[in-house]
Structures are given as structure tokens and as C-alpha cells.
Amino acid sequence: MARLRLEAVADHAPTQIDDQPYDAAVLAPVIDRDGEDYLLFTKRADHLGEHPGQMSFPGGGAEPVDDTILETGLREAREEIRLEAEEADVIGQLDDIRTVTEYAVTPFVVRVPDREYDPDEREVAEIAILPLSGLLDPDNYEYERRSHPAYGEAVVHYFHVDGYTVWGATGNILVQLLELAADFEPGDRLEQSTF
């Protein structure tokens, strides 16, 4: 049974980014299902202007009502999948990442109950709960180097599990989580890849 070493996440001192015009937060929800860890992802609705149809962690942009960036992630998760703040046991924070949409994204790893979640169809087309064992399977992982006209060279990670592909910014967050808590070794990595 594949398990994350969440104490490594709790002990991690995250790197923060303050050079982007926008701030956002996501939650990386970990579910214990029959003694194995799973991760909850959302598939973004096809009509959204940014990253339509892509797999992501619940989250979004900071709003004036949020006192902290953690509150941003919790508020967005409540809106997107009906996760209540008191259900989320915050384990720790990963390094901020930059996105091509000029956000500094702060990821929080949270343990959440194994229950049905209710996607807000305005933002979320589907909820996918993927097994850690599948995400760690080397046969399900690939990467490529890409050049972006504004951001230079970047490594893009792809995880293909149960018919879903996790990549882009979410793939970068997932790589850090798996490196930190599951001895995952990505095929290639550039510092602060932006995608």
C-alpha cells in the first residue's frame, strides 16, 4: 500500500514567491482509502478561460475577503468541491510556483475525509481521486523540455493515471510532493519551471 510520509511535508520550510502580480492557493487533498493514500484532483470545466479541461488541485485566486493565503485555498475548495474548512487537516505547505498566467501559487497539503465531493459545475467538470501507487508507477510518468517565448526553458511533467493526465502547474506541484514525501525521482527538473 502506497503511503505519503506526511511528516516530511509538515517539516518542510517552503520557498515563497512575491514577484508575481497575482496570488493564488491550492489544496493538495490526501485521502486514506483502505490503508492507501489517494490524491483528489479536479478537472476544470471546458468553458473556463484559463486552463480549460486540465486537471488541477482545488484552489484559485486570492480575494479581498481572504485574510491569509491559506484562507484562499480553503474558500476556493469549499466553492469548487464543497470541502468544509473544518474537514481539512492542514499538514504543511509546499514551495510556491509561478504560472504562465502570472500567479504565485501557494500549495497546501491537507488530509481530507474519504467521502463523496460535490463539484461546482461552473468551475469543475469532474472530481478524480487517483491512487498514489498509480502516480508513483514509472510506466505512468513522462516528461519533456519545452521552450516558452516569455519564460524560457521549462520541464513539463505528465502523470497518466486511470484515463486522466496531470501536467502543467499541477504536475509541478505533484512532483514536489512526491519527491518530498514518497522518494519520487523525476526524469528531469529545472529550478522554478513555469507552466
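Residues numbered from 1 in each chain as written. Predicted model: local features only at pLDDT ≥ 70, side-chain atom pairs only at ≥ 80, totals over all residues. Heavy atoms only, no water.

Enquirer: Help me understand the overall build of the chain in this model?
Expert: Helix and strand counts for the chain come out as four helices and eleven strands. Relative to the compact-globule value of 16 Å for 195 residues, the chain shows a C-alpha radius of gyration of 15 Å, a close match. Over its C-alpha atoms, taken along the principal directions, the chain stretches across nearly 40 × 40 × 35 Å. Every one of the 195 residues in the chain was classed for burial, and the buried ones make up 51%. Partitioning the intrachain contacts of the chain with sequence separation of at least 6 by distance along the chain shows that 66% fall at a separation of at least 24. Surface summary for the chain: the accessible area is close to 9300 Å², and the carbon and sulfur share equals 44%. Side-chain charges of the chain comprise 15 positive and 43 negative groups, with the mean position of each set lying 2 Å from the other. (Helix = DSSP H or I, 4+ residues; strand = E, 2+ residues; numbered from the N terminus. Rg over C-alpha atoms; globule rule 2.2 N^0.38 Å. Buried < 20%, exposed > 50% of the residue type's maximum accessible area, 1.4 Å probe, protein only. Contact = heavy atoms within 4.5 Å. Areas by Shrake-Rupley, 256 points an atom, 1.4 Å probe, with all protein chains shown as cover. Lys, Arg positive; Asp, Glu negative; His and termini not counted. Charge placed at Lys NZ, Arg CZ, Asp CG, Glu CD.)

Enquirer: So what exactly am I meant to see when it comes to the pattern of salt bridges here?
Expert: A side chain with one charge can pair with a side chain of the opposite charge if their charged atoms come near. Scanning the model with the defined rule gives 14 salt bridges in all. As a salt-bridge pair, arginine 3 and aspartate 37 come within 3.3 Å of each other at their nearest N and O atoms. Remark: aspartate 37 occurs in strand S2 (residues 36–44) and arginine 3 occurs in the segment before helix H1 (6–11); sequence separation between them is 34 residues. Under the relative-accessibility criterion, aspartate 37 is labelled buried at 0%. A salt bridge links glutamate 87 to arginine 115, with the shortest nitrogen-to-oxygen separation between them at 2.8 Å. Pair noted here: glutamate 87 is in the loop between helix H2 (69–81) and strand S5 (89–93) and arginine 115 is in the loop between strand S7 (103–111) and strand S8 (124–131), with a separation of 28 residues, a long-range link. (Salt bridge = Lys/Arg side-chain N within 4 Å of Asp/Glu carboxyl O.)

Enquirer: Any chance you could explain the nonpolar core here in plain terms?
Expert: Within soluble globular proteins, side chains that are nonpolar tend to cluster in buried spots. With 34 residues, the main nonpolar core has Leu4, Phe41, Leu135, Phe159 and Leu178 as its most contacted residues. Top contributing element to this core by residue count: helix H4 (residues 168–182), with eight residues. Excluding residues within four positions of it along the chain, leucine 178 makes contact with Leu4, Leu132, Leu135, Leu136, Phe159, Asp183 and Phe184. In terms of nonpolar packing, the next biggest core, distinct from the first, is built from 16 residues, Leu40, Leu74, Ala88 and Phe108 among them. (Core = buried A, V, L, I, M, F, W, Y, C linked by side-chain atoms within 4.5 Å.)

Enquirer: Would you mind going over the environment of tryptophan 167 with me for this structure?
Expert: Following the sequence through the fold, tryptophan 167 ends up in the loop between strand S11 (164–166) and H4. Given a relative accessible area of 22%, tryptophan 167 falls into the partly exposed group. Separated by 87 residues in sequence, tryptophan 167 and glutamate 80 have C-alpha atoms that sit 20 Å apart. Among residues more than four places away in sequence, those in contact with tryptophan 167 are Gln54, Arg146, Val156, His157 and Tyr158.

Enquirer: Would you explain the pairing of S7 in this entry?
Expert: Every regular strand shows the same layout, with side chains that alternate between the two sheet faces. By the criterion of burial, S7 is predominantly enclosed, with eight of the nine residues buried. Alignment of strand S1 (residues 22–33) against S7, held across nine bridges, turns out to be parallel. Paired with aspartate 23 across the bridge in S7 is alanine 104. With four bridges connecting them, S5 and S7 associate as antiparallel partners. From the neighbouring strand, glycine 92 faces S7, where its bridge partner is valine 109. (Pairing = 2+ DSSP bridges.)

Just geometry here; none of it tells us what the structure is for.
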